[in-house]
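# Secondary and tertiary structure notes
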Amino acid sequence: MDDLFVKLTTRMILPFIQLYGLYVIIHGHVSPGGGFSGGAIYAASIVLYTLAFGLKKGKERMPHELSSKIETGGILVYILVGLSGIFLGYTFLTNIEAGFPIGAFGKVLSAGLIPVVTFAIGLKVMSTIVTLFHTILEEDS
């Protein structure tokens, strides 16, 4: 796409979309949203960038190698946090019973390990959507 207006608008709103995606991920345990929603919002910003500037530039911004590492890291963090409850003698993803500090109710750091799990899910969802989108575009060209 060679439309200057679309490219300029994309450059202007991209940071705000990404910031909102991170906000939804980080505040997912105290408000509507979470890892899946925030990851999808963040991925939408990269999809928008790819649509505005082309697949080559989109892949420069989020190369497959980086996306693959983020995807693996997200699921690895999720599993490790889940297993930490088992290692402490409780069930998978145990939080309060295992003694993780829960903080003050309604605050961002108020849910023990749930924000960590939510962030890991956000990374996994974001990288999966971007990888799928880039793969679909590669196959069409």
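Preceding block: the structure.
Described below are features of the structure shown in this document. (Residues numbered from 1 in each chain as written. Predicted model: local features only at pLDDT ≥ 70, side-chain atom pairs only at ≥ 80, totals over all residues. Heavy atoms only, no water.)

This paragraph deals with the overall build of the protein. Within the protein, the regular secondary structure consists of five helices and zero strands. If you list the helices and strands of the protein from N to C, you get α-α-α-α-α. Principal-axis analysis of the C-alpha atoms places the extent of the protein at approximately 55 × 30 × 15 Å. Buried residues in the protein amount to 32% of all 141 residues. A separation threshold of at least 6 residues defines the contact pool for the protein, and within that pool the share at least 24 residues apart is 62%. Carbon and sulfur atoms form 71% of the exposed surface of the protein, whose accessible area is close to 8500 Å². Separation of charge centres in the protein, based on 9 positive and 9 negative side chains, amounts to 9 Å. (Helix = DSSP H or I, 4+ residues; strand = E, 2+ residues; numbered from the N terminus. Buried < 20%, exposed > 50% of the residue type's maximum accessible area, 1.4 Å probe, protein only. Contact = heavy atoms within 4.5 Å. Areas by Shrake-Rupley, 256 points an atom, 1.4 Å probe, with all protein chains shown as cover. Lys, Arg positive; Asp, Glu negative; His and termini not counted. Charge placed at Lys NZ, Arg CZ, Asp CG, Glu CD.)

Right, let's get into the environment of Glu138. Position of Glu138 relative to the elements: it lies in helix α5 (residues 114–140). In this structure Glu138 comes out as partly exposed when scored by relative accessible area, which is 35%. Residues Glu138 and Phe92, 46 residues apart in the sequence, show an inter-C-alpha distance of 39 Å. Those residues in contact with Glu138 that lie beyond four places of it in its chain are Leu55 and Lys59.

Turning our eyes to something else, we now look at the packing of helix α4 (residues 64–87) against α5. Closest axis-to-axis distance for the α4/α5 pair is 8 Å, and the angle between their directions is 150 degrees. As judged from the angle between their axes, α4 and α5 are roughly antiparallel. The way α4 lies across α5 gives a crossing that is left-handed. Of the residues in α5, those in contact with His64, Ser67, Ile70, Glu71, Gly74, Ile75, Val77, Tyr78 and Val81 of α4 are Val116, Val117, Ala120, Ile121, Leu123, Lys124, Met126, Ser127, Thr128 and Thr131. (Axes fitted to C-alpha atoms, helices over the stretch in contact; angles between N-to-C directions. Parallel < 35°, antiparallel > 145°, perpendicular 65-115°, else oblique. Left-handed = near helix turned anticlockwise from the far one by under 90°.)

Before going further, it helps to examine helix α1 (residues 4–26). Given a rise of 1.5 Å per residue, 23 residues ought to cover 33 Å, and the 34 Å separating the end C-alpha atoms of α1 matches this to within 8%. Approximately 40 degrees is the largest bend angle found in α1, and it occurs at Ile13, with the proline Pro15 only one to four residues beyond. Restricting attention to buried positions, one finds in α1 the residues Thr10, Leu14, Gln18, Gly21, Val24 and Ile25. Its buried side turned inward, α1 meets α2 (35–53), α3 (55–61) and α5. The N-cap of α1, judged by a side-chain oxygen 3.2 Å from the amide nitrogen of Phe5 a few residues on, is Asp3. (Expected span 1.5 Å × (residues − 1). Bend = angle between axes of the 7 residues up to and from the residue. Polar contact = N/O pair within 3.5 Å; in protein donor to acceptor, adjacent residues only side chain to side chain.)

None of this, on its own, says anything about what the molecule does.
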